[in-house]
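Listed below are the residues making up each chain.
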Amino acid sequence: MKKICFIATGFFWSFFSTVWAKQPNVILIMTDDQGYGDLACHGNPVIKTPNLDKLHAKSVRLTDFHVSPFCTPTRASLMTGRYPARTGAYRTSSGRSNLHHDEITMAQYFAKAGYRTGMMGKWHLGDNAPCRPQDMGFQDVVWHKGGGIGQAPDYYGNDYFDDTYERHREGITKFEKFKGYCTDVFFEESIRFIEENKENPFLLYISTNAPHSPYRVDKKWVTPYRNKVKWKFGAEFYGMITNFDHNLGLLRQKLDELNLSNHSILVFLTDNGSAKGGREKPNADEFHGFSAGMRGQKSTIFEGGHRVPFFIHYPAGGLKGGDDRHQLAAHIDVLPTLADICQVSTGDTFLDGHSFLPVLLDAKAKACRDHVVVQHHGGPWMQAEPKPFAFSNVVKGPWRLHNGEILYNLGDRHWEGNNVAARYPEIVSELRALYNQFWESVSPRMKPVCLDLGNSAENPTTLCSQDWHFKVGNPPWNFGEINQLKKVTGPWHVRVKEDGRYKITLRQFPKIANKPLKAVRARIKIAGMLKEKLIKKGASSVIFEINLPGGETTLETYLYNSVDEMGGAYFTEVELL
């Protein structure tokens, strides 16, 4: 495959290098929880997405493009070109949403090749050094923490409007309050980045939190759907998508004004199936959503959970014609494809993905892969420890092997309905063998990723309970649980960067909330040491100072109330003194 891509790319590069002397810009746009059917151009009869429709009409579209069934894993594969389990970031919480420290991202490859790199919006691959976007190659960043705005790791009080986000620019990181709606802000900052870097090749990753829950947007975007989309929060969900669509139009208008459209690779995709838009009820009198005929939605291994839109528009490279490509491709293939087009080296790094550039250039070209494995490790809500075959789907041609046992033949449809495993045992054996190769390769990397203590890039650092490592179930990741002072605790896997004296501050709420602890005594356990303290009445925190040796360990916190009920310190600051 590499040889084929090299030959195709050589032709491609010679073609567009005569049109423009510099490397193309890359603008990678991904929405959160928007499914394949949540676009008018895919047949949805209610939603209004005029700018996505225009992009669809002028793009090469991959119609058999697959991602992970939810959030973090898709982002990990998009950034690294590797299966999520291999990267360490294969869940959305519980210490499994951080990239291994040796992973190399798209931003790092492109920055090394001379690109300016920017990232706006949702990261969800690590909130602490060395896993933040600015640690992983992005030079200009405006982002929210956690898996959604308003979640526990995010800046306290954010609610989509006039929020405070972290900005990293010119090597300086600080929180900054912005005015306006979150999606509007992320696009405004994207346009600012483009204007500042219009003379240089740039990579811009726009990753909106919309239309992820909570479903909040100005009522002017919701009103057009209120009488048509009647399931709970459905009108808001559609309104958030239409607001995104409006911002996409503004971005493309700016590219035209700056004469950058022709020489910019513009990619649109989504991170998983629909969260709130796929509610079909055949023969129903009312509109119940649109899933383009697919079964399933976000967090399922059915087709509707992981088959998503993929549009790529690049006029200078001949990718402008409103053409479909039906060959199989996946999130792991995006990085090698963009690197191929832009002549950016990925060195000797092993990638699970392959370039589908030949397919973009020729509708009859062989697909870059013949199968892909989709797996929701641990299942919804981390109901079990990850294990072979559980919540998996091997995708090959029309076949879908679920959990190593249930076989579907999609044929010309995308509905997984009848189990035909008994009729095709040879297909089951073939797909199981492909899965076993996958599991043997990725499972050794499914280990906890340590967060740094005493890292000069982030000292002090604030740990959040979202990253407590539970074997099953999710730790407190939202304020619905934290406000109730959920009586659980768990370990953070940490790496003490150097020997020294550390200050460890335990809280039940973020520092800026300034809320008193509802506890009478505290305990910490780290590096084989156990320390305990009484808590002063009315105090918002309790502080320990301790000498720690460098190396990997775990940190556990315990807060006891007056009846000796125990919960953890959901927010814990650690500083190398």
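Refer to the structure above for everything that follows.
These numbers were taken from a predicted model, which means no experiment stands behind them. (Residues numbered from 1 in each chain as written. Predicted model: local features only at pLDDT ≥ 70, side-chain atom pairs only at ≥ 80, totals over all residues. Heavy atoms only, no water.)

### Considerations on the overall build of the protein chain
Per the secondary structure count, the protein chain includes 13 helices and 24 strands. A compact globule built from 577 residues should have a C-alpha radius of gyration of about 25 Å, and the protein chain, at 24 Å, falls within 12% of that. Taking the principal axes of the C-alpha coordinates as reference, the protein chain spans close to 70 × 60 × 55 Å. Taken over 577 residues, the protein chain has a buried fraction of 61%. Long-range pairs, those at least 24 residues apart, make up 70% of the contacts in the protein chain between residues at least 6 apart in sequence. When the 70 basic and 62 acidic side-chain charges of the protein chain are each reduced to a single mean position, those positions are 3 Å apart. (Helix = DSSP H or I, 4+ residues; strand = E, 2+ residues; numbered from the N terminus. Rg over C-alpha atoms; globule rule 2.2 N^0.38 Å. Buried < 20%, exposed > 50% of the residue type's maximum accessible area, 1.4 Å probe, protein only. Contact = heavy atoms within 4.5 Å. Lys, Arg positive; Asp, Glu negative; His and termini not counted. Charge placed at Lys NZ, Arg CZ, Asp CG, Glu CD.)

### Section: the environment of Ile543
The topology assignment puts Ile543 in strand 21 (residues 542-548). Relative accessible area serves as the criterion here: at 34%, Ile543 is assigned to the partly exposed category. Ignoring any residue separated from it by four or fewer positions in sequence, one finds Ile543 in contact with Lys503, Ile504, Thr505 and Lys533.

### Examining the packing of aromatic side chains
Scanning all chains against the criterion turns up 32 aromatic pairs. Considering the side-chain rings of Tyr156 and Phe479, the 5.4 Å spacing of their centres and the 75 degrees angle between planes classify their relative orientation as edge-to-face. With Tyr156 in the loop between strand 4 (140-144) and strand 5 (164-169) and Phe479 in helix 13 (residues 479-482), this pair connects stretches of sequence that are 323 residues apart. Arranged with centres 6.0 Å apart and planes meeting at 80 degrees, the rings of Tyr215 and Phe237 form a pair that is edge-to-face. Here Phe237 lies in helix 8 (residues 234-257) and Tyr215 lies in the loop between strand 7 (202-207) and helix 7 (219-222), a separation of 22 residues in the sequence. (Phe/Tyr/Trp six-rings, centres within 6.5 Å; stacked < 30°, edge-to-face > 60°.)

### Some thoughts on the sheet that holds strand 18 (residues 500-507)
Across the sheet, which stays open at both edges, the four strands sit in the order 16-24-18-21 with antiparallel pairing between neighbours. Of all strands in the sheet, those with a lone pairing partner are strand 16 (461-464) and strand 21, marking the two edges. Pairs of neighbouring strands in the sheet enclose a mean axial angle of 25 degrees, with direction left out of account. Relative to strand 24 (residues 571-576), strand 16 runs antiparallel, the two sharing four bridges. Along strand 24, the bridge assignment pairs Thr461 with Val574. (Pairing = 2+ DSSP bridges. Axes fitted to C-alpha atoms, helices over the stretch in contact; angles between N-to-C directions.)

### Details of helix 8
For helix 8, built from 24 residues, the straight-helix expectation of 34 Å at 1.5 Å per residue is met to within 8% by its first-to-last C-alpha distance of 35 Å. Within helix 8, 19 of the 24 residues are buried, which leaves it mostly tucked inside the rest of the structure. One or two steps after helix 8, the chain reaches Asn259, where phi turns positive at roughly 55 degrees. (Expected span 1.5 Å × (residues − 1).)

### Digging into the sheet that holds strand 7
The 10 strands are arranged 6-5-4-3-7-1-8-9-2-10 in an open sheet whose pairing can be described as mixed. Every interior strand has two partners, whereas the edge strands, strand 6 (172-177) and strand 10 (323-330), have only one. For this sheet, the mean inter-axis angle between neighbouring strands, taken without regard to orientation, is 15 degrees. Taken together, the five bridges between strand 1 (residues 25-31) and strand 7 define a ladder with parallel strand orientation. Residue Ile27 lies in a different strand from strand 7, and its bridge partner there is Leu204.

### Observations concerning the pairing of strand 11 (residues 372-375)
On strand 11, burial covers both faces: Val372 and Val374 on one face and Val373 and Gln375 on the other are all buried. Relative to strand 12 (residues 392-396), strand 11 runs antiparallel, the two sharing four bridges. Note on strand 12: the bridge partner recorded for Val373 is Val394.

### Overview of empty space enclosed by the protein
One pass over the structure, following the stated rule, counts five cavities of 30 Å³ or more. In this model, the largest cavity occupies a volume close to 90 Å³. Every element with two or more residues in the lining of the largest cavity is listed here: helix 4 (84-87) and strand 11. A total of four residues in the lining of the largest cavity trace back to one element, the largest contributor, which is strand 11. Roughly 60 Å³ of volume is contained in the second largest cavity. (1 Å grid on protein atoms, 1.4 Å probe; cavity = no way out; pocket = protein on both sides within 12 Å on 5 of 7 lines; lining within 4 Å. Points joined across faces, edges and corners; volume = space filled by probe spheres on them.)

### Here's the deal with unusual backbone geometry
Across the junction of Ala210 and Pro211, the peptide omega takes the value 0 degrees, indicating a cis bond. The step from Asn459 to Pro460 runs through a cis peptide bond, and the omega angle for that step is 5 degrees. Despite not being glycine, Asp33 shows a phi value in the positive range, around 80 degrees. By the secondary structure assignment, Asp33 is in the loop between strand 1 and helix 2 (50-57). A residue is classified by how much of its surface remains accessible, and Asp33, at 1% relative accessible area, is buried.

### As for the packing of helix 2 against helix 8
At a closest axis distance of 7 Å, the pairing of helix 2 and helix 8 adopts a crossing angle of 55 degrees. Considering their axes alone, helix 2 and helix 8 lie oblique with respect to each other. Together, Pro50, Asn51, Leu52, Lys54 and Leu55 of helix 2 and Phe244, Asp245, His246, Leu248, Gly249 and Arg252 of helix 8 make up the contact between the two elements. Looking at the contact of helix 2 with helix 8 residue by residue, the classes come out as five nonpolar, three polar and three charged. (Parallel < 35°, antiparallel > 145°, perpendicular 65-115°, else oblique. Nonpolar A, V, L, I, M, F, W, Y, C, P; charged D, E, K, R; others polar.)

### Let's talk about the pattern of salt bridges
Here the idea is simple: oppositely charged side chains can pair when their charged atoms come close. The full count for this structure, using the stated rule, is 34 salt bridges. Between Arg86 and Asp352 there is a salt bridge; the shortest N-O distance is 2.9 Å. Within this pair, whereas Arg86 is found in helix 4, its partner Asp352 is found in the loop between helix 10 (334-342) and helix 11 (357-361), the two being separated by 266 residues in sequence. The same class applies to Arg86 as to Asp352, namely buried. For the salt bridge of Glu196 with Arg169, the shortest nitrogen-to-oxygen distance reads 2.5 Å. Residue Glu196 is located in helix 6 (residues 182-196), and its partner Arg169 is located in strand 5; the two are separated by 27 residues in the primary sequence. Owing to a relative accessible area of 39%, Glu196 belongs among the partly exposed residues under this scheme. Ionic contacts of the salt-bridge type, sharing partners, join the residues Asp140, Arg167, Arg169, Glu176, Glu189, Arg192 and Glu196 into one network. (Salt bridge = Lys/Arg side-chain N within 4 Å of Asp/Glu carboxyl O.)

### Remarks on the pairing of strand 19 (residues 521-526)
Each regular strand carries side chains that alternate between the two faces of the sheet. In terms of strand pairing, strand 19 meets strand 20 (residues 529-534) through six bridges, oriented antiparallel. In the sheet register, Lys525 faces strand 20, and the bridge partner there is Leu530. Between strand 19 and strand 20, which follow one another and run antiparallel, lie two residues, and Ala527 among them has a positive phi close to 50 degrees. Bridging between strand 19 and strand 22 (residues 551-560) involves six bridges; their strand directions are antiparallel. Looking at the pairing, Ala522 lines up with Leu559 of strand 22.

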